[in-house]
Amino acid sequence: MAKVSRTREVVDRLLDAIIAGELRASEQLPPEGDIAAQLGVSRLTVREAVRLLQAQGVIVQVPGSRHRIAPASEWTGLEAVVRHARTEGARERSSLELLEVRVMIETGAAQLAAERRSADDLEALRADLERMRRAHADGDVDPFVAADLDFHDVILRAADNRILLATMRPLTSMLEATRAETSAVLDIREHAIAEHAAVLDALETGDPLAARDAMASHMRQTRDDLLRFVHQH
């Protein structure tokens, strides 16, 4: 376990250095021994970390030479892409890209959930919506965000598709960051409550098309609010 954690730490530090520009795209990765000495780890640990970054497309193996650092546009690993997307310079574009992905995934999840949700799922959604209302009334952003995320998590789980859950899990950290930013705005919280209530109503009817349309409406409102109140476009 300690070895795995150490390798994970090296992956994180290398990725942070690449994202920060300390290690530049298209340049060669420093020699393995230099990285090991700088980070205070074994060369084997560095080698394992580099392999993990290669699997995400962050580092490219070059035969007969040191590895090359790939531009962020060539990265293929969702974890690395999301980590880069959370940086200041990439946040505006990334928040809109995330919404586009959510439209594709969450509308389908709502459609499935309308047919597969249980009485317990509906009760959990009602409780989460009430938590959102209380937090909004108190002007308390963090509990509002937590309830909002929980509401969507219930829908994803109610869709009863393991691949769907695995696809959305890496996006959770990015969702938390964007929700905290938007939910600080009073008007956005009010709109979110109304849209979530409409989604819940549709799920209660068990009509999959109504649930899909309600979630699509929620995503459109979220995008409009993001552009108007946060990006000020």
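Anyway, here's the lowdown on the structure attached to this text. (Residues numbered from 1 in each chain as written. Predicted model: local features only at pLDDT ≥ 70, side-chain atom pairs only at ≥ 80, totals over all residues. Heavy atoms only, no water.)

### What about helix α3 (residues 43-55)?
The terminal C-alpha atoms of α3, which comprises 13 residues, lie 18 Å apart, in line with the 18 Å expected from a rise of 1.5 Å per residue. Taken together, the buried positions of α3 are occupied by Thr45, Val46, Glu48, Ala49, Val50 and Leu53. (Helix = DSSP H or I, 4+ residues; strand = E, 2+ residues; numbered from the N terminus. Expected span 1.5 Å × (residues − 1). Buried < 20%, exposed > 50% of the residue type's maximum accessible area, 1.4 Å probe, protein only.)

### Some remarks on helix α11 (residues 208-230)
Taking 1.5 Å of rise per residue, the 23 residues of α11 would be expected to cover 33 Å, and the 32 Å separating its terminal C-alpha atoms lies within 8% of that figure. All of the buried residues in α11 are Pro208, Ala211, Ala214, Met215, Ala216, His218, Met219, Asp225, Leu226 and Leu227. At its buried positions, α11 is contacted by α5 (91-116), α7 (141-158), α9 (172-183) and α10 (186-205). By the N-cap criterion, in which a side-chain oxygen at the helix start approaches the backbone nitrogen of a residue two or three places on, α11 is capped by Asp207, the distance to Leu209 being 3.0 Å. (Contact = heavy atoms within 4.5 Å. Polar contact = N/O pair within 3.5 Å; in protein donor to acceptor, adjacent residues only side chain to side chain.)

### Section: the nonpolar core
If you look at the biggest cluster of nonpolar residues, it comprises 45 residues, and the most contacted ones within it are Leu125, Met132, Ile155, Val199 and Leu203. Contributing elements (two or more residues each) for this core: α4 (78-85), α5, α6 (119-138), α7, α8 (162-168), α9, α10 and α11. With 10 residues, the top contributor of residues to this core is α7. Excluding residues within four positions of it along the chain, Val199 makes contact with Phe151, Ile155, Ala214, Met215 and His218. (Core = buried A, V, L, I, M, F, W, Y, C linked by side-chain atoms within 4.5 Å.)

### So, the pattern of salt bridges
All told, the structure shown has 17 salt bridges when counted by the stated rule. Among the ionic pairs, Arg83 bridges to Asp16, the shortest N-O distance being 3.0 Å. Residue Arg83 is found in helix α4, and its partner Asp16 is found in helix α1 (residues 2-19); the two are separated by 67 residues along the sequence. Residue class for Arg83 comes out partly exposed when judged on its relative accessible area of 25%. (Salt bridge = Lys/Arg side-chain N within 4 Å of Asp/Glu carboxyl O.)

### Some thoughts on the side chain of Glu106
Assignment of secondary structure puts Glu106 in helix α5. Setting aside residues no more than four positions away along its own chain, Glu106 makes contact with His152, Met168 and Met215.

### With respect to empty space enclosed by the protein
Here the structure, examined in full by the defined rule, presents one cavity of 30 Å³ or more. As a volume, the largest cavity reaches approximately 240 Å³. In terms of lining residues, the largest cavity is bounded by 23 residues, among which Arg102, Thr178, Arg179, Thr182 and Thr222 are the most central. Of all the secondary structure elements, the ones that give two or more residues to the lining of the largest cavity are α5, α7, α9, α10 and α11. (1 Å grid on protein atoms, 1.4 Å probe; cavity = no way out; pocket = protein on both sides within 12 Å on 5 of 7 lines; lining within 4 Å. Points joined across faces, edges and corners; volume = space filled by probe spheres on them.)

### Remarks on the layout of surface pockets
There is about 260 Å³ of room inside the second largest pocket. Every residue lining the second largest pocket is counted, 14 residues in all, and those nearest its centre are Leu149, Asp153, Leu156, Met168 and Thr172. At the level of secondary structure, the elements contributing two or more residues to the lining of the second largest pocket comprise α7, α8 and α9. Along the lines of polarity and charge, the residues of the lining of the second largest pocket split into five nonpolar, two polar and seven charged. (Nonpolar A, V, L, I, M, F, W, Y, C, P; charged D, E, K, R; others polar.)

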